[in-house]
Amino acid sequence: MSDPLRPRASLRTAVVWEVLKDALDRRVKAVGQAPAQGAGEGAPGVLDVLDTGGGSGNFAVPVARLGHRVTVVDPSPNALFALERRAAEAGVADRVRGIQGDAHGLFDVAERGGYDVVLCHGVLEYVDDPAEGLRNAVAALRPAGTLSVLAAGLGGAVLARALAGHFTEARQALADPAGRWGAGDPVPRRFTSEQLTALVEAAGLEVGAVHGVRVFADLVPGVLVDTEPDALEALLQLEAAAAELPAFHAVATQLHVLAERD
Ligand SMILES: C[S@@+](CC[C@H](N)C(=O)[O-])C[C@H]1O[C@@H](n2cnc3c(N)ncnc32)[C@H](O)[C@@H]1O
């Protein structure tokens, strides 16, 4: 998986990373202004972040590089092994803890109400029950904590199948309740913006912002980005501008929702 700090890979992660960095900054300020909240809370400016289904640390490692303490819960031993190696290479092994566990049994391994920020990126597609997975993510938040959810968008998949000439699969994804284009589809479930925000609200949070992620990046031939010197930067800026516009959420490859606990 990609590293948000590498240029070409940044096409996949830049929008989420910028939104997340701002949210972490706001949380640092809010925690700094709040009265002392008792045991378990750490040094000023350092947040406790839980990355549920955090995998090999695409987001966990960059978040730790900002100085925060990150707990990654993931069922995959291979991903956790890669996480450990990546955190060591980035010099943040002391701030990243990988634990084998599952979004459904989250509190077997993570602390309920123990985190300033919870990430749930690329996981709701795979869990048995997305509503329960999200409720657990919310229950892991401290009061006024921030939730960051990233999940596969239905419209982006339909568009990608259609532009690749797979028209029947594109129509199948539109008709399928889980948004899958066929038996060979590696993604078990996709969401519309309305479905994802409804899930977040049903888990008891107020949605702060929705962004469309990878509106164009997966559709543009690589050669157009790699051969023109300024094309990557221009495409990144286009993605950032489109991400905020609701009209483009309908065709984004992924949807990002930022939400806060009261
Ligand atoms: C697409 S990867 C996303 C990894 C990372 N969050 C990121 O954004 O790069 C999906 C991750 O979800 C994990 N996963 C699958 N089922 C899960 C479950 N029931 N609970 C928690 N994580 C799960 C996988 O092991 C994998 O690391």
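Residues numbered from 1 in each chain as written. Predicted model: local features only at pLDDT ≥ 70, side-chain atom pairs only at ≥ 80, totals over all residues. Heavy atoms only, no water.

- As recorded by an unreviewed UniProt entry, the chain carries the name Type 12 methyltransferase and is attributed to Streptomyces sparsogenes DSM 40356.

## Comments concerning the nonpolar core
- Leu50, Val118, Leu124, Leu134, Leu147, Val149 and Leu196 are the most contacted members of the largest nonpolar core, which has 31 residues in total.
- Those elements that provide at least two residues to this core are strand E4 (115–121), helix H5 (130–139), strand E5 (141–152), helix H8 (193–202) and strand E7 (254–260).
- Examining the composition of this core, we find that four residues originate from one element, E5, more than from any other.
- Within the second largest apolar cluster, 24 residues are counted, among which are Leu47, Ala60, Leu80 and Leu150. (Core = buried A, V, L, I, M, F, W, Y, C linked by side-chain atoms within 4.5 Å. Buried < 20%, exposed > 50% of the residue type's maximum accessible area, 1.4 Å probe, protein only. Helix = DSSP H or I, 4+ residues; strand = E, 2+ residues; numbered from the N terminus.)

## Details of the pairing of strand E3 (residues 96–100)
- As paired elements, strand E2 (residues 69–74) and E3 share five bridges and run parallel to each other. Residue pairing across strands places Thr71 opposite Arg97, the latter belonging to E3.
- Regarding the hand of the β-α-β motif, the stretch spanning E2, helix H3 (residues 77–89) and E3 is right-handed. (Pairing = 2+ DSSP bridges. Right-handed = clockwise from strand over helix to strand, strands pointing away.)

## Concerning a negative patch on the surface
- Together, Asp102, Asp108, Asp128 and Asp129 give the surface a local cluster of negative charge.
- Along the polypeptide, Asp128 turns up in the loop between E4 and H5.
- A relative accessible area of 71% means that Asp128 is categorised as exposed. (Patch = residues over 30% accessible without salt bridge, like charges linked within 9 Å, V, L, I, M, F, W, Y side chains within 5 Å. Areas by Shrake-Rupley, 256 points an atom, 1.4 Å probe, with all protein chains shown as cover. Salt bridge = Lys/Arg side-chain N within 4 Å of Asp/Glu carboxyl O. Lys, Arg positive; Asp, Glu negative; His and termini not counted. Charge placed at Lys NZ, Arg CZ, Asp CG, Glu CD.)

## Quick look at the site of the ligand
- As a matter of local geometry, the ligand sits amid 15 residues, with Gly53, Asn58, Asp74, Ala103 and His121 nearest to it.
- Asp74 is positioned with one of its side-chain polar atoms (N or O) 2.6 Å from an oxygen atom of the ligand.
- Within the complex, the protein chains bury 82% of what would otherwise be the 600 Å² of accessible surface of the ligand.
- Here the residues of the shell around the ligand are counted per class, giving six nonpolar, seven polar and two charged. (Near = heavy atom within 4 Å. Polar contact = N/O pair within 3.5 Å; in protein donor to acceptor, adjacent residues only side chain to side chain. Nonpolar A, V, L, I, M, F, W, Y, C, P; charged D, E, K, R; others polar.)

## Examining the domain arrangement of the chain
- Taken as a whole, the chain is organised into domain 1 (10–152 + 191–261) and domain 2 (154–188).
- Between domain 1 and domain 2, the C-alpha centre-to-centre distance is 25 Å.
- Residue-level contacts link ten residues of domain 1 with nine residues of domain 2.
- On the domain 1 side of the interface with domain 2, the three residues burying the most area are Tyr126, Leu219 and Val251, jointly 48% of the side's total.
- Inspection of the region where domain 1 meets domain 2 yields zero salt bridges.
- Taken together, the connections running from domain 1 to domain 2 amount to two residue pairs in polar contact (both at pLDDT 80 or more).
- Across the side of domain 1 that touches domain 2, the residue classes break down as seven nonpolar, two polar and one charged. (Domains from an automatic or database assignment. Contact = heavy atoms within 4.5 Å. Buried area = accessible area lost by both parts, 1.4 Å probe.)

## Remarks on the side chain of Asp48
- Topologically, Asp48 is positioned in strand E1 (residues 48–52).
- A polar atom in the side chain of Asp48 sits 2.7 Å from the side chain of Arg69.
- Separated by 3.1 Å, the side chains of Asp48 and Arg142 make a polar contact.

## With respect to the side chain of Ser148
- Within the secondary structure layout, Ser148 lies in strand E5.
- Exposure remark for Ser148: the relative accessible area of 0% places this residue in the buried category.
- If we ignore the near neighbours within four places in the chain, the residues touching Ser148 are Leu20, Val118, Leu119, Cys120, His121, His256, Val257 and Leu258.

## Some remarks on the environment of Ala64
- You can see Ala64 is positioned in helix H2 (residues 60–65).
- With a relative accessible area of 0%, Ala64 lands in the buried category.
- Filtering out sequence-adjacent residues up to four positions away, Ala64 remains in contact with Val70, Val92, Arg95 and Val96.

## What about the pattern of salt bridges?
- Applying the stated rule across the entire model yields seven salt bridges.
- Residue Lys21 is joined to Glu18 by a salt bridge in which the shortest nitrogen-to-oxygen separation is 3.7 Å. Here the residue Lys21 and the residue Glu18 both occupy positions in helix H1 (residues 10–33), the gap between them amounting to three residues, near one helical turn.
- Three or more residues joined by partner-sharing salt bridges are found here, namely Asp48, Arg69, Asp116 and Arg142.

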